[in-house]
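Fold and geometry: a report
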Amino acid sequence: SMEKFAGKRIERIVQGIRYSDGARKRTLTFCSTIGQAENVLKHIESDGIGIAMVTGETPKKKREELIEQFKSGEIKHMVNVGVFTTGFDAPVLDTIILARPTMNLALYYQMVGRGIRKDPDDDSKVLHVYDLVGVTERLGRVETIRVQREEHGFRDEVWSEVGRCDNTELYSFRVTPKEKGHARRAN
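Reference entry: report on the structure contained in this document. All figures in this text were calculated on a predicted structure; none of them were measured in a lab. (Residues numbered from 1 in each chain as written. Predicted model: local features only at pLDDT ≥ 70, side-chain atom pairs only at ≥ 80, totals over all residues. Heavy atoms only, no water.)

**Re the layout of surface pockets**
Taken as a whole, the largest pocket spans an internal volume of roughly 190 Å³. Examining the composition of the lining of the largest pocket, we find that three residues originate from one element, helix H4 (residues 105–113), more than from any other. Here the lining of the largest pocket is composed, by residue class, of seven nonpolar, one polar and two charged. (1 Å grid on protein atoms, 1.4 Å probe; cavity = no way out; pocket = protein on both sides within 12 Å on 5 of 7 lines; lining within 4 Å. Points joined across faces, edges and corners; volume = space filled by probe spheres on them. Helix = DSSP H or I, 4+ residues; strand = E, 2+ residues; numbered from the N terminus. Nonpolar A, V, L, I, M, F, W, Y, C, P; charged D, E, K, R; others polar.)

**Regarding the sheet that holds strand E1 (residues 27–31)**
Strands sit in the order E2-E3-E1-E4-E5 across an open sheet of five strands; the sheet is parallel. Each edge of the sheet is formed by a strand with only one pairing partner; in this case those strands are strand E2 (51–55) and strand E5 (128–131). Sheet twist, expressed as the average angle between the axes of neighbouring strands with direction ignored, equals 15°. Across five bridges, E1 lies against strand E4 (residues 95–99) in parallel orientation. Residue pairing in the sheet places Leu28 in a bridge with Ile96 of E4. Along the sheet face, helix H2 (residues 34–46) touches E1, E2, strand E3 (77–81) and E4 and points at about 170° away from the line of E2. Packing of helix H3 (residues 60–72) onto the sheet brings it into contact with E1, E2 and E3, and relative to E2 it is tilted by some 145°. (Pairing = 2+ DSSP bridges. Axes fitted to C-alpha atoms, helices over the stretch in contact; angles between N-to-C directions. Contact = heavy atoms within 4.5 Å.)

**Focus: the environment of Gly50**
Relative to the elements of secondary structure, Gly50 occurs in the loop between H2 and E2. Taking the C-alpha atoms as reference, Gly50 lies 4.8 Å from Ile75; in sequence the two are 25 residues apart. Those residues in contact with Gly50 that lie beyond four places of it in its chain are Ile75, Lys76 and His77.

**So, the sheet that holds strand E8 (residues 163–164)**
With respect to topology, three strands assemble into an open sheet ordered E6-E7-E8, the strand pairing being antiparallel. Two strands close off the open sheet at either side, each with one partner strand: strand E6 (146–149) and E8. Pairing analysis gives four bridges linking E6 to strand E7 (residues 156–160), with the strands arranged antiparallel. Following the sheet pairing, Gln148 is matched in E7 by Glu157.

**Let's talk about H2**
Given a rise of 1.5 Å per residue, 13 residues ought to cover 18 Å, and the 18 Å separating the end C-alpha atoms of H2 matches this to within 8%. Inspection of H2 places Gln36, Ala37, Val40, Leu41 and Ile44 among the buried residues, and these make up the whole buried set. Looking down the long axis of H2, one finds its buried residues gathered within 135° of arc, a one-sided arrangement. Exposed and oriented more than 90 degrees from the buried face of H2 are Lys42 and Ser46. Looking at the residues trailing H2, positive phi occurs at Gly48, about 75°. (Expected span 1.5 Å × (residues − 1). Buried < 20%, exposed > 50% of the residue type's maximum accessible area, 1.4 Å probe, protein only. Arc of directions from axis to C-beta.)

See the structure below:
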């Protein structure tokens, strides 16, 4: 059932954060829903581990405070929904947990991109990405993504270890007159 599936995913996110709490410096988790994020928060808080949640509803001032606490280590883990794909800069961040599925290459790149800042205090920094939703399987590892000019053409093509990633058709819709305004997934 959907409920059971959701519970399994939350369990895996919680496991990822618990593991990284012992092994890593800071963890940023991308959740797909506020409900999912709240659930993860409850589990981790009950372990007595410092964690915060930021969503689109979080006031800017509060968000900035939390980022400062995250950088200073007061909060070691951050879960977020729909924010921090851009404009979040914490060089100490060394673990990203992907719990938000996406087929959008730019979004994927932005999420992982939060962790690829060099840490001025740690030359040996390695970024760990825990992909719980199979994004890497579909789009390849971020470090293998490259853009190249189309042969005899003008467009840029985006390639990774899984092959070409741009112009991939993700869905096809059949729209019939009877259902105007409603797109149905054909495949």
